[in-house]
Each structure stands twice: as structure tokens, then as C-alpha cells.
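Chain by chain, the residues:
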Amino acid sequence: MAEFTPLVEDRRRVTIRLSVLQFAISAAFAALACGFWYFQVLDSVKYQELADNNHQRTIGLRAPRGVMFDRDMKVLVENRSSFTISIIREHTKDLDRTIRVLSQVAGLDERYVHDLVNRHRREPTYQPIVVVEDASLAEVAAVLARRLDTELPEVRVDEVPTRRYPTNEMAAHLFGYVGEAGESQVSDGTLPAGAIVGQSGVEKVYNALLMGQDGARHVVVNSVGREIRTLDEIEPTEGKRLQLTLDYDIQKAIDDAFKAADEGKVANAGAAVVLDPRNGEVLGFTSRPSFDPNDFAAGIDRATWAALNSDELRPLNDRAIRGRYSPGSTFKMAVALAGLEEGIITPDFRVNCPGHANFYGREFHCWMDRRGGHGSVDLRRAIAESCDVYFYTVANMVGIDKINKWATALGLGMMSGIDLPNEVQGLVPSTEWKREKMHEKWYSGETISVGIGQGQVSVTPVSMAVYMATLANGGTRVTPHLLKAVDDGSGWKPVPAPPPQSKVDIDPDKLDAIRDGMWMVVNTPAGTGVTARVAGRDVAGKTGSSQVISIQGRAVAANKTARNLRDHGWFVFFAPKENPRIAGVVFLEHGIHGGNAARVAHQILDTFFAKEDHRPLPPPATSDSMHWDFKDADR
């Protein structure tokens, strides 16, 4: 019996092992049964939802941006419907094939589409990549046909709101343009990828108001990404509506006149800014040459972008707030005010002008040099006839620091504070400025040229408009601004005007003497700005011609003079002379002289007063109707 004992033990061990294995298998099957029962019975609703969500998508619905109106509630910038074509990488098994087929169907550059997709490669694959903005109906039809054939199920066509700007490039620099948010804006979490935001002008400054709240549509899709049905939809909310201070009719008058200047070969560049001197509201604003912001609204193409950036006239540059130029004779009122307020001269102070004068061993010429000069002139006549010798003399008597004091108090060489991005500051020099900037002393002889707005002094057109508003209102340096009211959906709410930049006390009698001279500029036969005259209205103004090349240089360049060697033309103005309601500046780059700029100002002023009088608006300016003056092109 003993010899069978090991065999019995072996059988016992095998039996135990089989029992354990049987128990383990039974337990496993029991666990599986419990799991199936739990998932399919107790928690079936939850997991059914998870399964459904594998075939659900959320599609963003772009919100329309807020509409912009002028001060009379005329629509300026609105929205239109357009189509976008997008790729959803999550739905494609062969991205290269999708790009190749889509490029062939829509007539796109395949390399461009590849580059575009690569730029978005870090974004979630379920997020659409817009390949075509503002697609044509032919492109949309071609893509939809391929989708129906299941050839391009990963490509989507959406109808979206797109910006519509005025035609003829009206106020393009003021309105600005929109574009897709940049990487920096997306990466810091302030904006979602693909968001359309303001990139310049009012669109940028008031982007937070103009942007609406995007909506969403939740849809069920099949295994190839085709939408089967809509579960629910949250409508997008339009951005806030803005009423601007701009006057459409004045703006159109400005743009028509600048177009006539271009067609008449007087000037193809320049700027104009028109204000209400009582509060700083911007009534008109232009920079030329301009661009069409509609080109940006649906994504600018590479050829147009390259053309804008290679144009030697730099149409994207906002000359009104970023151009710095010598003000020429328009600066003379600042010199006059400095002399009067510092008690150095009186309005009756006289200077004899033989056409030239010698200061510190150097001969300085008056523009009337070839005609024998102006003779004996007082302040009023010196302003009216723009006598250089008079202001050489006054500037030498006043000195550069006092000129700086009063010119900056009037707004020159200062930031205007206008609610537009990237404004630059001009310069009215001083002894301290030269010492800090150039580590040199200021020489008295340098002041002579400053006296007529040449030399180191430089200004922006917008600061010149503020300068005129300050002289018009008696010393308050208003802040130019563009926003008048906002409608957030509950009605229009006025936006208070920003506070003035500063205020300076000016003796009314001394200021009246300057205003008298400016009135004579426009309303007397010898005045240099008679072309700005408006019948029955007391317009005050001042012409200016700033050199871009010295007299000696012009002589050397004789017979080689091109348009870009011609003087710039300025005209600054306000009206009426008593209790002014409009003030501004017209600047014609290489526009020959201030008389041509005064012709543009006439169109602005005539339109303004026609609206006040409720009479028909003057006809649009044309090259023929403006009667441009070329006679001083070589002066």
C-alpha cells in the first residue's frame, strides 16, 4: 500500500489545482457578467451618451461685428454674408490627398494650402482650418459636389459674416481693417484660434466693443464626418453698434478733393483732419494714398499684400497721425502768439521787408524776394501775406525756448491723444532738446528758420488740426476723438468727450490780432489763401509751403526737378471767425504750395456750411473744377 501513496498525493494536488482554476474561471465570468449588467443596465444612459458623443461635433458660429454709423446715423461699416471652405483634419485619413484634391477642385496653389495647414498643426485636429475666405459660388458648388460624392467629407463649407467697408477707400486708415487673430493673441488665451479681430484703426481700438459673442451648433455626424442632424443651436450675438463723430458728407468732400488732386497731378499723397473745435469731435479724416480695407475683410491675398508693402508711396502708412513734416508758414501764428504773450511785440509792431534779411552773417530770403519784398508790414498783414522777413525778425527776438513754450501749448510737437493706434509725436525744438539729443548748444542762428516753420520743427497733420482748434476756441487743447455713442442692444448711450489735454490763458485782444490776420489770408485780395473763401462766411486760415529741398539744392537740381522735389502745401483753418464750429488742416504732399491745399479746404467748408444752411451740397470736386495752380512749382 505504501507504494501507492505518492500517486494518491499527486492526484490530490491535481484535484486541488483544478478546483482553484475552476473557481477562478467561474469568478472571472461572474465579474464579466456583473460588469456587463452594470454597464448595460445600471449605467446604460451614461455610456450611451458617451457613445453618442463620439459622433457629435460642436460647430462655432461667427458673430457679426458691430455696425458703425456716422454722426447723422448713416451706415459706414456693416457686414455681409460670405462663404469659407475649411479642412477638418480629424475626419481625414490621408491629409495630403485631401489637400491635393481640394486644391484641384477650388483652383488653389497646393503648396500654399500645405503651408497654411502646417501653420495650424498645433491646434486640435477637430478644429477647422479655413483654407478659402470669401469663396466664390463656383468654388462652393465644386466643393459641395465632391462632398456629396463622399470624395471630400473632411472639407466643410460655412456661411459667415464678413466686414463691408465703403467703396473708394473712404477713411480706410480711420476705420482700419480686420484679420485673423495672431499667434500671440491666441497663445495668451485672450482670443480663440481663428477669431477675427481689428488690426488697425477704429476696428482695433474698439475691438472689445465691436466683437460679438460667437454662437455654436451641436450636430451629429456619421463615421466620415457628414452632418446627420442638429441637436441644438446657440445663436451668435452681434457686437455693439458704434456711432462715430465722423460726418459722411464732409468725409466724402475730402476724399473727392484728394482724388481730384491726384487726377490733376497736383498731389498723390497727403492728409486732412477736420475737428469741431468746441469738443474735439473728428468730423473728417483722411490719409492718401489709401487702400481698400475690403481686401483684408476676407483674408488678403499674397499678391495684394506684396503690392501694398512694395508701393513707394506706402499706402498703409497713416500720414494723418504718423507723418512728420515741416509746417512751413502755418507755424507763424505760434511765433506771433509767443511774441505777443511774452510782451516782446504788439500787433502794431512793424518790420520792413525788402525781400531778404541778414542774421548772424547769413542771408535769409522771403518768398517775395524776386518781387522786391513786402515793404513795411505789421503783424496782421505779415500773417495775411505770409512775410518771411517779419517772422525771421520776431523769432530772433523771442528765442527758441519761448517759441517752444507757446507752440507746444497750442498742440504742436505734442501727442494729440486721438483714439487711433500708433500716433507719433512731432517736434518743436528747444535748447534743452538739443542738449539732450545732440549734446550740443542751440545757436541763435538756428531759430531764424524755425520762425517760418522750417529747420528742426516737425509736426503731424493731426497736431496741426489741434493747433487750429486751440486758436479757434481761445486756448483749450481739445482731445480729438471718434466715438460719439454706443448701442449695446438696449438703446444708444452717449459717450462723454475725453477731457482736454491742457488749457492756456491767452489774452483775447492779442488772439484777435492773429485771427484778424488769418481772416485777411482768405478774404483780402493780397491774402495767400483766397481759394478757400466761402461766400457769405468769415473763414480764417493760413497757407504754408514747406521746402523739401533747399534753394541752393533746387538750383543744382534744375532741369531734373521731379514731383518729389516740389514743396509741400499746407492750409490750416477755422470758421466762422467768431465762435468757430469747424477747424482743421489740409496737407498736400508735394502739392506745390498752400493755395492748392486751400482749394481742398474750400470744398470741406462749403459742404459744412451747406449742411448748416440746409441747402444742396456742392457738386463733387473734379480735376477741372478745382483749377489747380502750378505756377509756383519751381519757386
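Residues numbered from 1 in each chain as written. Predicted model: local features only at pLDDT ≥ 70, side-chain atom pairs only at ≥ 80, totals over all residues. Heavy atoms only, no water.

**Quick look at the overall build of the protein chain**
Okay, step 1: Each helix and strand in the protein chain was counted, giving 24 helices and 23 strands.
Okay, step 2: A total accessible area of about 29,600 Å² is found for the protein chain, and carbon and sulfur atoms account for 52% of it. (Helix = DSSP H or I, 4+ residues; strand = E, 2+ residues; numbered from the N terminus. Areas by Shrake-Rupley, 256 points an atom, 1.4 Å probe, with all protein chains shown as cover.)

**Some remarks on helix α14 (residues 332-341)**
Okay, step 1: Counting buried residues along α14, ten of its ten residues qualify, which places the element largely inside the surrounding structure.
Okay, step 2: For α14, the full list of buried residues reads K332, M333, A334, V335, A336, L337, A338, G339, L340 and E341.
Okay, step 3: G343 occupies a position one or two residues after α14 and carries a positive phi of about 75 degrees. (Buried < 20%, exposed > 50% of the residue type's maximum accessible area, 1.4 Å probe, protein only.)

**Focus: helix α23 (residues 594-613)**
Residues separated by three or four positions in an α-helix point in the same direction, a consequence of the helix having 3.6 residues per turn.
Okay, step 1: With 20 residues, α23 should reach 28 Å at 1.5 Å per residue; the first-to-last C-alpha distance of 28 Å fits that figure.
Okay, step 2: Counting buried residues along α23, 17 of its 20 residues qualify, which places the element largely inside the surrounding structure.
Okay, step 3: H614 sits one or two residues past α23 and shows a positive phi near 60 degrees. (Expected span 1.5 Å × (residues − 1).)

**Some details on the pattern of salt bridges**
Okay, step 1: Applying the stated criterion across every chain, the model contains 32 salt bridges.
Okay, step 2: Of the charged contacts, one joins R65 and E203 as a salt bridge, the two residues approaching to 2.9 Å between their closest N and O atoms. Taken together, the positions of R65 in the loop between β1 (56-61) and β2 (68-69) and E203 in helix α8 (residues 201-205) put the pair 138 residues apart, joining distant regions of the chain. One exposure class covers both R65 and E203, and it is buried.
Okay, step 3: Here K611 ties to D72 by a salt bridge, and the two come within 2.8 Å at their closest N and O atoms. Taken together, the positions of K611 in helix α23 and D72 in the loop between β2 and β3 (75-87) put the pair 539 residues apart, joining distant regions of the chain.
Okay, step 4: A residue is classified by how much of its surface remains accessible, and K611, at 22% relative accessible area, is partly exposed.
Okay, step 5: One connected set of salt bridges, linked through shared partners, spans D72, D247, D249 and K611. (Salt bridge = Lys/Arg side-chain N within 4 Å of Asp/Glu carboxyl O.)

**Details of the environment of M68**
Okay, step 1: In this fold, M68 is placed in strand β2.
Okay, step 2: The sequence separation of M68 and L483 amounts to 415 residues, and the corresponding C-alpha distance is 9.9 Å.
Okay, step 3: Excluding residues within four positions of it along the chain, M68 makes contact with K74, V75, L76, V77, R163, F175, V202, E203, L210, L242 and L244. (Contact = heavy atoms within 4.5 Å.)

**A word on the state of the cysteines**
Okay, step 1: One pass over the structure, following the stated rule, counts zero disulfides.
Okay, step 2: Summary of cysteine pairing: C353 is not part of a disulfide, and the nearest cysteine sulfur, belonging to C387, is at 3.6 Å.
Okay, step 3: Of the residues examined, C353 reaches a relative accessible area of 1% and is grouped as buried. (Disulfide = S-S within 2.5 Å.)

**Side note on the nonpolar core**
Among soluble globular proteins, nonpolar side chains are generally buried collectively.
Okay, step 1: Counting 135 residues, the largest nonpolar core has F175, L244, F331 and Y390 as the members making the most contacts within it.
Okay, step 2: Setting aside chain neighbours within four positions, we find F175 in contact with M68, L76, V77, Y165, P166, M170, S200, G201, V202, E203, L244 and L246.
Okay, step 3: Membership of the second largest hydrophobic core comes to 19 residues, among which are V105, V131, V132 and L152. (Core = buried A, V, L, I, M, F, W, Y, C linked by side-chain atoms within 4.5 Å.)

**Thoughts on the sheet that holds strand β22 (residues 568-575)**
Okay, step 1: The strand order β12-β11-β23-β22-β21 describes an open sheet built from five strands, whose pairing is antiparallel. Every other strand in the sheet has two partners, leaving β12 (282-288) and β21 (540-546) as the edge strands with one partner each. Between one strand axis and the next, the sheet turns through 5 degrees on average, direction left out of account.
Okay, step 2: Bridging between β22 and strand β23 (residues 582-588) involves seven bridges; their strand directions are antiparallel. Within β23, the position partnered with F574 by the bridge is A583.
Okay, step 3: The sheet strands contacting helix α10 (residues 248-263) are β11 (270-275), β12 and β23, and the helix crosses β12 at an angle near 25 degrees. (Pairing = 2+ DSSP bridges. Axes fitted to C-alpha atoms, helices over the stretch in contact; angles between N-to-C directions.)

**What to know about the pairing of β22**
When a strand is regular, its side chains alternate between the sheet's two faces.
Okay, step 1: Burial within β22 is extensive, with eight of its eight residues counted as buried.
Okay, step 2: As defined by bridge partners, β21 adjoins β22 across seven bridges and the pair is classed as antiparallel. Its bridge partner being in β22, A540 is matched across the sheet by F574.
Okay, step 3: Adjacent in sequence and paired antiparallel, β22 and β23 are bridged by six residues, among which N579 carries a positive phi angle near 50 degrees.

**Some details on a nonpolar patch on the surface**
Okay, step 1: Taken together, L21, I25, F29 and L32 make up a surface patch of nonpolar side chains, about 410 Å² in accessible area.
Okay, step 2: With respect to the secondary-structure elements, L21 resides in helix α1 (residues 5-42). (Patch = residues over 30% accessible without salt bridge, like charges linked within 9 Å, V, L, I, M, F, W, Y side chains within 5 Å.)

**A few points about unusual backbone geometry**
Okay, step 1: Here the amide bond leading from R288 into P289 is cis, since omega sits at 0 degrees, within 30 degrees of zero.
Okay, step 2: With respect to the helices and strands, the residue P289 is situated in the loop between β12 and α11 (294-297).
Okay, step 3: P576 follows A575 through a cis peptide bond whose omega is -15 degrees.
Okay, step 4: One can find P576 in the loop between β22 and β23.
Okay, step 5: With a phi close to 50 degrees, N579 is a non-glycine residue in the positive phi region.
Okay, step 6: As for its position among the elements, N579 is in the loop between β22 and β23.
Okay, step 7: According to the relative accessible area criterion, N579 is exposed, its value standing at 65%.
Okay, step 8: Located in the positive-phi region is I592, a residue other than glycine, with phi close to 85 degrees.
Okay, step 9: For I592, a relative accessible area of 1% corresponds to the buried category.

**Brief notes about the packing of aromatic side chains**
Okay, step 1: Under the definition given, this model contains 15 aromatic pairs.
Okay, step 2: When the centroid spacing of 6.3 Å and the interplanar angle of 70 degrees are considered together, the rings of F359 and Y392 count as edge-to-face. On the criterion of sequence distance, the pair formed by F359 in strand β14 (residues 356-359) and Y392 in helix α16 (residues 388-398) is long-range, its members being 33 residues apart.
Okay, step 3: When its relative accessible area of 11% is taken as the criterion, F359 is described as buried.
Okay, step 4: For Y392, a relative accessible area of 4% puts it in the buried group.
Okay, step 5: In this structure an aromatic cluster arises from ring pairing among Y177, F291, F296 and W305.
Okay, step 6: Geometry around Y248 places K74 over its ring, the cationic atom sitting 4.7 Å from the centre. (Phe/Tyr/Trp six-rings, centres within 6.5 Å; stacked < 30°, edge-to-face > 60°. Lys NZ or Arg CZ within 6 Å of the ring centre and 35° of its normal.)

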